[in-house]
Every structure is written in C-alpha cells, then in structure tokens.
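# Structural characterization, general
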Amino acid sequence: MVITSLLDRKIEKRPEQVRLQGRILFLTEEPELIKRQLAGEDLPWDTKSPANNPKLRDDISTDEITPAHYCFYFDETLGEIPYLGLKCGDMLPIGRGEVKKGGFVCAVSGKRRGKGSSREQSPYAEMCAGIRLVIAENIERIYKQNCQNLGLLTSTNFSLIDKVRAGEEIPLREFTAGEDEITRQVIEYGGLFPFNVARMQKKVFLPPIKTPMRPMTLAEKIFARHMLSSDVEPSTSARPAEEGAAVPETNRGAVQPGATGFARADLRFSHEYVTPMAAIFFERYVGKDAKVNDPSSILFFRDHLTFLDEVISEEKKKLGLLDLATQLKLKQEDFAAKQGIKLHGELKDRKGSEGICHSIVLESYALPGQLNVGSDSHTPHVGAIGCVAFGIGTTDVFNSWITKDVRVKVPESVKIIIRGRKHSNVTAKDFILKILSLDYVRSGNALAKVMEYAGEAIEALSVDERATMTNMAAEIGGFTGIVAPDKKAVDFLVERRGMNRQQAESRMEGLCSDREAQYAHTIELDAAGITPMVATPGDPGNGKYVRELNTPVPVELAYGGTCTAGKNEDMDMYAAVLIDALKRGKRVADSVLFYIQFGSQETRDYCIRKGYLDVFRKAGAHVIEPSCGACINAGPGVTTRPEQVVISAQNRNFPGRSGPGQMYLASPLTVAASAVAGYIVEYEPSMETELAETRHE
C-alpha cells in the first residue's frame with residue numbers, strides 16, 4: 001500500500017540559510033543584452049535606482065519558457081530547453097543548452113511571469129538548467145505553485161539580486177514571508193511531495209479553518225464543502241467512496257479568502273502532455289507497484305498530439321521529437337492500464353481523438369457544486385455549470401493520485417457583470433476579449449482570483465457560450481471562472497447528459513452567491529456597447545474592436561476549433577455564416593485555408609445531425625476530427641512563416657504558440673466571416689439570420 005511505503009521515508013527540511021552561487025540572467029527586452037550575458041558578460045544592475053536598468057521582458061509565457069514541441073521531453077533533458085521560445089524584439093536570442101552552459105542560478109524578468117499553460121515542464125526545465133531562484137514583479141498562480149512544488153524558489157524582491165551576486169547567505173524566511181502556513185511548509189520541506197510525506201508521518205499539520213459563518217460567494221461555498229478539516233490525515237485508501245456518500249472529513253462550515261488547506265477533489269484528470277511525467281514521478285517517489293487512490297475518479301485523455309505528424313517540421317523529426325511524442329502516448333496508455341484508469345484515447349477507425357479533455361469533462365462528467373482539477377490551465381471550462389475547476393501542474397497531479405486532495409488557498413473573487421442585451425453578431429468570445437483588454441486585467445490585478453460572471457447578458461448565454469467565458473479565465477490569469485447554475489444548466493444536464501430533471505435541479509440548491517458576499521473588485525459592462533473584437537498578435541489582452549483596425553488585414557489561414565471554440569454552439573456559428581455566404585453565392589475565399597475542428601465526437605455527431613458537414617464542404621472549409629491541434633502547434637491550421645496571418649477562434653496567441661506567424665484571436669462568427677471575405681471583418685448577418693437569432697434568445 002502507498003501508506004506503508006511512505007511512512008518510513010526519511011524527510012528533512014531545507015537549511016534555514018540559502019546560498020545561491022552562480023550568475024544571474026536578466027531577461028531583457030533587448031536581445032543583444034541577453035546574448036552578451038550568454039557569452040559570459042555579467043550585466044550591471046542597479047537595485048536602488050531601477051530606472052537606470054534596461055527594460056525587462058513582461059508577460060513571459062510558459063510557451064516561451066518551454067515551447068510546446070520540447071515538452072515531449074519529460075526528464076532532465078529539459079535542462080537544455082529553457083527560454084528557447086523567448087521573443088525579444090523580433091529575435092529568439094537563446095539557443096539550446098546556452099542557459100545551462102552559462103552557469104546561471106537566478107533568472108529575472110518583469111510583470112506576469114509564467115502566463116498561459118500550466119505545464120510544469122517550464123520550471124522543471126529551469127531547475128534542470130541550474131536555475132534555483134526566479135525573480136519577477138509578479139508571478140502567475142499556476143507557474144508559482146509549480147515552482148514551489150518542485151522546490152524552485154520565487155520572489156518579487158529585487159534587492160535579492162545584490163545578495164545573490166555577493167554570494168551571501170539568504171534566510172529561507174525571505175522566501176516564505178507573506179505566504180500562508182501550508183505554502184511556508186511546502187517551501188521549507190523543498191517541495192509538495194516531501195511535505196505530503198511529512199504530513200502522512202504527522203510531522204506537519206494543516207492549520208484549522210476557524211472562519212465564522214459569513215456571507216459567501218458561490219466559489220467560497222464550494223470550497224467550504226470540499227476543504228479538509230485540520231485534524232485528518234490525507235486519505236490513503238485505494239477504495240472509491242460509495243456513490244453519493246458524504247465525505248465526513250471535509251469542512252462543512254464557512255471559508256474566507258486567504259484560508260489555506262487541502263481540498264478533496266471530485267474529479268482529477270490529465271492528458272498525454274502531463275500524465276507520463278506525473279507517472280514517472282509517482283513511480284520514482286512512491287513505488288513502481290504502488291496504486292493510485294480511487295482510480296474511478298481519475299481520467300486520462302489523449303487529446304493534444306493526435307495530428308502532430310502532419311505539421312511537425314523535418315528538423316524536429318530529426319531531433320527525435322515525433323518519436324518522443326509517441327512515447328508520451330504509450331507511457332500514458334501503459335500507466336492507465338496498470339492502474340485501471342479510464343483513458344479517452346485515439347479513434348480506432350480514423351485519425352483523431354475521442355475529444356478534448358475539457359469538452360468531454362463538460363459533456364459527460366462534471367456536475368454543479370463539484371471541485372475538479374486538471375493538468376491544463378483551461379480546466380475552468382466546466383465552471384459554466386457551476387463547478388470550481390482549476391488547473392494544476394505535474395507535481396500536484398501525482399500528489400493528488402496519492403491523497404485525492406490538492407493544496408488550496410481560498411482566492412478572492414471578482415464579479416464581472418455584463419448588463420443588457422448583446423448585438424446579434426457579438427458572442428461570449430467578444431465579451432472575454434473585451435474583459436482581457438481592461439486595465440484591471442492587463443495590470444495583473446485579477447491574478448489568482450475567481451472570475452464570477454453575472455448579469456442579464458451572461459444569463460442569456462447558453463452553457464456552451466458560458467464555457468468560453470470560464471475557459472478563458474485562464475488568459476485573465478484567474479484562479480478559475482464560474483457562472484451560477486440556473487435553468488439553462490439544468491436543461492444542459494437533462495438534454496446533453498440524460499439526467500433526470502428533478503435530480504439535476506436538486507444539484508443546484510444553494511449554488512449562488514449570497515447577496516452580502518464580498519468581492520475584491522466588481523467590473524460592470526454594457527453588452528450594447530461591445531461590438532465584435534479581435535486580439536492582435538502577441539497576447540490575448542491586445543483586444544480592440546474589429547472596426548478599429550485602420551487598414552484591411554488579409555488572412556491566409558482561418559481556424560475554428562479547440563476547447564474554447566469547438567463546441568456545439570460554436571459549430572452553429574460557423575454554419576450560420578457559411579449558410580449565409582452560400583445563399584449569397586459566396587464561399588471561403590480562394591486565398592484562405594479555413595479549418596473547422598470539433599472539440600469532441602459528441603459535437604461531430606451533432607454536426608452530422610444538423611447537416612453541417614455538407615455545409616462546411618460546400619463552402620470550402622476543411623473539417624478535422626477532435627484534437628487540440630493548431631492551438632498547441634500540433635495540427636492543421638498552424639502557421640509556417642513569420643509573415644503569415646491567421647485569424648483563430650482559439651484562446652491564446654502568445655509568440656510561437658501556433659507557429660511563427662501573426663495570429664489574431666476572434667469569435668467563431670468573425671473567424672468564419674473573415675474566411676469568406678479574405679480579410680478580417682465583422683459578421684453582418686442577414687435579416688433572416690437576425691430574426692432567427694432573436695427567436696432563439
């Protein structure tokens with residue numbers, strides 16, 4: 001049993017003083033300054049007068065720290081990879097192995113370090129290259145937690161630069177100051193796994209949650225139902241709980257922001273990018289014959305790399321990356337079979353997958369009021385039906401297989417109210433791109449907070465459209481996104497899941513925010529003031545109205561798909577635009593390749609029932625089986641040249657995310673309309689379409 005193998009494991013805390021001996025790498029906006037550091041020059045840095053220093057790169061995403069193709073490595077080879085995708089100006093100044101050869105012990109950058117994907121390969125690559133400390137103005141939640149879980153130190157204190165340079169001892173409390181009790185202990189023990197072993201050995205205890213009853217937000221209520229009481233050990237039983245049985249160890253009182261502990265997860269899932277590395281950690285640290293805790297509540301997915309062979313370059317093939325990607329698949333299959341875990345894998349009769357993890361979890365598994373975790377930053381997708389769902393890294397994943405719980409600091413909530421009635425050519429994607437463009441979000445004030453969406457315009461959205469809002473809480477940098485479940489959520493569970501209506505309605509009880517609940521901030525928008533949006537290349541926060549584009553932007557590629565835009569209602573939108581075009585004697589422009597990719601087989605079947613496949617074919621669009629595909633630089637729709645322009649309904653356009661080209665993000669309506677026009681345009685529905693939409697609403 002797991003518990004037997006861990007109870008006698010020797011676990012010690014880190015020393016109380018830390019000495020970091022090595023060089024500091026400043027990730028500046030000027031590529032030449034980075035190249036000089038890699039060549040051996042130590043950049044002067046004035047910690048007392050920051051205005052004298054070169055500008056540091058802001059918004060460094062995990063795609064830039066470890067580009068997607070290199071995440072096929074899941075061992076120390078990652079130490080050759082860090083910052084290969086870092087774009088400074090128009091250059092990628094860092095080559096393979098250069099950070100490791102440079103003897104760097106600390107890496108320094110600007111605002112919002114670690115944006116985007118939850119891939120733990122990023123901090124692991126930095127560690128394997130010799131980095132022991134990351135300093136930045138502010139650090140994204142998942143990336144920071146991944147660093148802590150691995151034992152990589154983080155700080156926002158730039159005065160530490162002088163101490164590192166001088167080789168001085170730094171008190172460990174410098175890195176634990178201001179952290180909650182559990183995070184402090186995780187840092188002191190050098191990572192999440194040694195902390196959890198110490199927890200099993202009763203060397204550490206969870207701080208009690210003593211919050212008096214208070215008005216709570218929806219997310220706080222769900223956390224309160226799932227937080228473990230302070231006096232229980234992590235569960236080590238491999239037996240699943242009985243269906244519908246109460247979990248007596250959970251706290252049933254109140255919580256407030258800042259409360260820390262471990263939350264029992266209803267569902268844990270991972271995909272082939274993460275499962276193999278988590279499995280190796282599990283087998284290395286727990287035991288090759290150890291069994292995971294309650295495999296019935298764990299899901300695996302083969303959804304990211306199904307079409308990789310169609311787009312991977314010959315250069316990357318020669319590096320063996322395609323073979324490595326195959327190993328990811330095989331390792332996940334082997335571990336799933338060994339552990340008795342359900343794997344949603346590849347199709348048997350044609351190329352493609354059963355579906356993207358987020359799509360399938362929403363369609364088939366998640367329930368209102370649950371707490372779900374997944375190995376992907378877009379796990380908040382299922383917040384559309386009133387779940388608290390959030391992304392976790394590899395170490396969190398493999399630890400959850402042992403304990404069935406995850407470390408949580410109850411976050412503050414931001415209420416985003418969108419009032420009024422939207423225009424017929426405006427979608428949830430336009431709403432979220434507008435939110436991402438706001439100063440409050442772009443400045444990082446929303447980091448690690450719950451985004452609770454409300455207001456008449458949100459209530460009018462379908463569950464599919466609400467999922468776009470909750471999914472892209474990841475781009476906000478939020479902890480999660482959530483919408484209070486209502487009649488539309490009930491209808492979704494009845495119609496799409498086959499659930500008994502009375503049973504579905506009973507799950508909604510109490511799942512709303514109290515009138516007096518407290519929020520860190522409230523954002524109010526008028527739906528009538530929002531017109532179709534695009535996010536210009538480089539960042540999802542670069543939002544502007546389509547009508548504000550000064551000159552026409554011709555596109556070569558148009559892409560509709562991914563978890564964010566491969567749902568049933570997204571297909572309705574692509575079809576509406578293309579049906580409208582065919583009626584007017586038009587089709588996809590000769591200069592454009594338009595790809596439409598389903599999020600799941602359920603959505604593909606829906607399109608067959610609706611007759612959309614014929615519409616897509618007649619209009620000149622190319623249909624692709626489910627996969628993350630182009631969004632992860634692993635399928636048709638990726639760019640191949642820097643000057644190539646693509647308009648995409650996916651969720652991210654970070655540099656290099658989907659190839660070297662220029663990516664604009666937009667709604668399914670705008671993507672399809674632009675594919676027909678040959679350049680970026682708003683969709684202007686015909687009167688017949690407008691009347692149909694009015695009746696639908």
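Each value, and the rule that gives it
Residues numbered from 1 in each chain as written. Predicted model: local features only at pLDDT ≥ 70, side-chain atom pairs only at ≥ 80, totals over all residues. Heavy atoms only, no water. Helix = DSSP H or I, 4+ residues; strand = E, 2+ residues; numbered from the N terminus. Rg over C-alpha atoms; globule rule 2.2 N^0.38 Å. Buried < 20%, exposed > 50% of the residue type's maximum accessible area, 1.4 Å probe, protein only. Salt bridge = Lys/Arg side-chain N within 4 Å of Asp/Glu carboxyl O. Contact = heavy atoms within 4.5 Å. Pairing = 2+ DSSP bridges. Core = buried A, V, L, I, M, F, W, Y, C linked by side-chain atoms within 4.5 Å. Axes fitted to C-alpha atoms, helices over the stretch in contact; angles between N-to-C directions. Parallel < 35°, antiparallel > 145°, perpendicular 65-115°, else oblique. Left-handed = near helix turned anticlockwise from the far one by under 90°. Nonpolar A, V, L, I, M, F, W, Y, C, P; charged D, E, K, R; others polar. Polar contact = N/O pair within 3.5 Å; in protein donor to acceptor, adjacent residues only side chain to side chain. pLDDT = per-residue confidence, 0-100. Phe/Tyr/Trp six-rings, centres within 6.5 Å; stacked < 30°, edge-to-face > 60°. Lys NZ or Arg CZ within 6 Å of the ring centre and 35° of its normal.

## Concerning the overall build of the chain
The helix and strand tally for the chain stands at 29 helices and 24 strands. In terms of overall dimensions, the chain is globule-like: its C-alpha atoms have a radius of gyration of 24 Å, near the 26 Å expected for 697 residues. With respect to the three principal axes, the spread of C-alpha positions in the chain is 75 × 60 × 50 Å. Within the chain, the fraction of its 697 residues that count as buried is 64%.

## Side note on the pattern of salt bridges
The tally for this structure, following the rule as stated, stands at 49 salt bridges. In this structure, Lys221 engages Asp514 in a salt bridge whose closest nitrogen and oxygen atoms are separated by 2.9 Å. Of this pair, Lys221 sits in helix α11 (residues 218-226) while Asp514 is found in the loop between α23 (501-507) and β17 (521-526), placing the two residues 293 residues apart along the sequence. Taking relative accessible area as the criterion, Lys221 reaches 15% and is therefore assigned buried. Here Arg302 makes a salt bridge to Glu346, at a shortest N to O gap of 3.3 Å. Of this pair, Arg302 sits in the loop between β9 (298-301) and α13 (314-318) while Glu346 sits in the loop between β10 (342-344) and α15 (357-365), and the two are 44 residues apart along the sequence. Counted as one network, the salt bridges with shared partners bring together Lys13, Glu181, Arg184 and Glu188.

## Some points on the environment of Ala528
Its location among the elements puts Ala528 in the loop between β17 and β18 (533-535). Excluding residues that lie within four positions of it along the chain, Ala528 makes contacts with Arg421 and His423.

## Thoughts on the pairing of strand β12 (residues 388-391)
Here β12 shows no split at all, with Val388 and Phe390 on one side and Ala389 and Gly391 on the other all buried. By the bridge criterion, four bridges tie strand β11 (residues 371-374) to β12 in an arrangement that is parallel. Within β12, the residue paired with Asn372 across the bridge is Ala389.

## Quick look at the nonpolar core
Generally speaking, nonpolar side chains in soluble globular proteins are found buried as a group. Core analysis: the biggest nonpolar cluster contains 129 residues, and Tyr83, Phe223, Phe390 and Trp401 have the highest contact counts within it. Excluding its chain neighbours within four sequence positions, the residues that come into contact with Phe223 are Val255, Leu371, Val388, Phe390, Val408, Val410, Pro411 and Phe479.

## A short note on the packing of helix α25 (residues 568-583) against helix α27 (residues 612-619)
Relative to each other, α25 and α27 sit at 50 degrees, their axes nearing to 9 Å. In terms of orientation, α25 and α27 fall into the oblique class. The chirality of how α25 crosses α27 is left-handed. Contacts between α25 and α27 involve Met571, Asp572, Tyr574, Ala575, Leu578, Ile579 and Leu582 from the first element and Tyr612, Val615, Phe616, Lys618 and Ala619 from the second.

## Quick look at the packing of helix α10 (residues 192-200) against helix α16 (residues 394-403)
The contact between α10 and α16 brings their axes to 10 Å, and the two run at 20 degrees. With respect to α16, the axis of α10 lies roughly parallel. In terms of crossing hand, the pair formed by α10 and α16 is right-handed. For the pair formed by α10 and α16, the contact residues are Leu192, Phe193, Asn196, Arg199 and Met200 on the first element and Thr395, Asp396, Phe398, Asn399, Ile402 and Thr403 on the second. Its residues placed into classes, the contact of α10 with α16 shows five nonpolar, four polar and two charged.

## Quick look at the side chain of Glu272
Within the secondary structure layout, Glu272 lies in the loop between β8 (267-271) and α12 (275-285). Exposure remark for Glu272: the relative accessible area of 0% places this residue in the buried category. Looking at Glu272, its side chain comes within polar contact range of the side chain of Arg302, at 3.3 Å. Other than its neighbours up to four places away in sequence, Glu272 contacts Phe301, Arg302, Asp303, His304, Leu305, Leu328 and Gln332.

## Here's the deal with the sheet that holds strand β23 (residues 645-648)
The mixed open sheet is built from seven strands, whose spatial order is β19-β18-β24-β23-β20-β21-β22. Looking at the sheet topology across the chains shown, the edges are occupied by β19 (543-545) and β22 (622-624). Averaged over all adjacent pairs, the angle separating strand axes in this sheet is 25 degrees, with direction ignored. Across three bridges, the pairing between strand β20 (residues 557-560) and β23 is parallel. Paired with Ala558 across the bridge in β23 is Ile647. Set on the sheet, helix α17 (residues 428-436) makes contact with β18, β19, β23 and β24 (662-666); between it and β18 the angle comes to about 55 degrees. The sheet contacts of α25 involve β20 and β21 (593-597), and relative to β21 the element is tilted by about 145 degrees.

## Looking at helix α9 (residues 181-188)
Across the eight residues of α9, six count as buried, placing the element largely inside the fold. Those residues of α9 not exposed but buried are Ile182, Thr183, Gln185, Val186, Ile187 and Glu188. In this structure, the buried residues of α9 make contact with α6 (141-150), β5 (153-155), α8 (173-176), α10, β7 (260-264) and β13 (405-409). Put simply, Asp180 is the residue that caps the front of α9, since its side-chain oxygen is 3.0 Å from the backbone nitrogen of Ile182. Just downstream of α9, Gly190 is the residue with a positive phi angle, here 85 degrees.

## A few points about the confidence of the model for the chain
Overall, the prediction assigns the chain a mean pLDDT of 92, with 95% of residues at 70 or greater. The low-confidence segment residues 236-248, where pLDDT is below 50, has 17 contacts with residues more than four positions distant or belonging to other chains. Overall, residues 690-697 carries pLDDT values under 50, and its contacts beyond four positions in sequence, including any with other chains, amount to six contacts.

## A look at the sheet that holds strand β15 (residues 450-454)
The four strands lie next to each other as β16-β15-β14-β17, forming an open sheet whose pairing is parallel. Every other strand in the sheet has two partners, leaving β16 (480-483) and β17 as the edge strands with one partner each. The sheet shows a mean angle of 20 degrees between the axes of neighbouring strands, direction not considered. Pairing of β15 with β16 involves four bridges; the strand directions are parallel. The residue of β16 that forms the bridge with Tyr453 is Val483. Across the sheet, α11 touches β14 (413-419), β15 and β16, and the angle it forms with β16 is around 105 degrees. Seen against the sheet, helix α20 (residues 463-471) touches β14, β15 and β16 and runs at an angle of roughly 150 degrees to β16.

## Quick notes on the packing of aromatic side chains
Evaluation of the coordinates by the stated rule reveals 20 aromatic pairs. Consider the rings of Phe281 and Phe398, whose centres lie 5.8 Å apart with planes at 70 degrees: the pair is edge-to-face. Of the two residues, Phe281 is situated in helix α12 and Phe398 in helix α16; the sequence distance between them amounts to 117 residues. With centroids separated by 6.1 Å and ring planes inclined at 40 degrees, the aromatic side chains of Tyr612 and Phe616 adopt a geometry described as tilted. Here the residue Tyr612 and the residue Phe616 both occupy positions in helix α27, the gap between them amounting to four residues, near one helical turn. Phe616 matches Tyr612 in its accessibility class, with the two residues each being buried. Of the aromatic side chains, those joined through ring pairs into one cluster are Tyr124, Phe193, Phe281, Tyr285 and Phe398. Sitting over the face of the ring of Phe479, Arg141 holds its NZ or CZ atom 4.3 Å from the ring centroid. The lysine or arginine in question, Arg199, covers the ring of Phe262, its NZ or CZ lying 3.9 Å from the ring centre.

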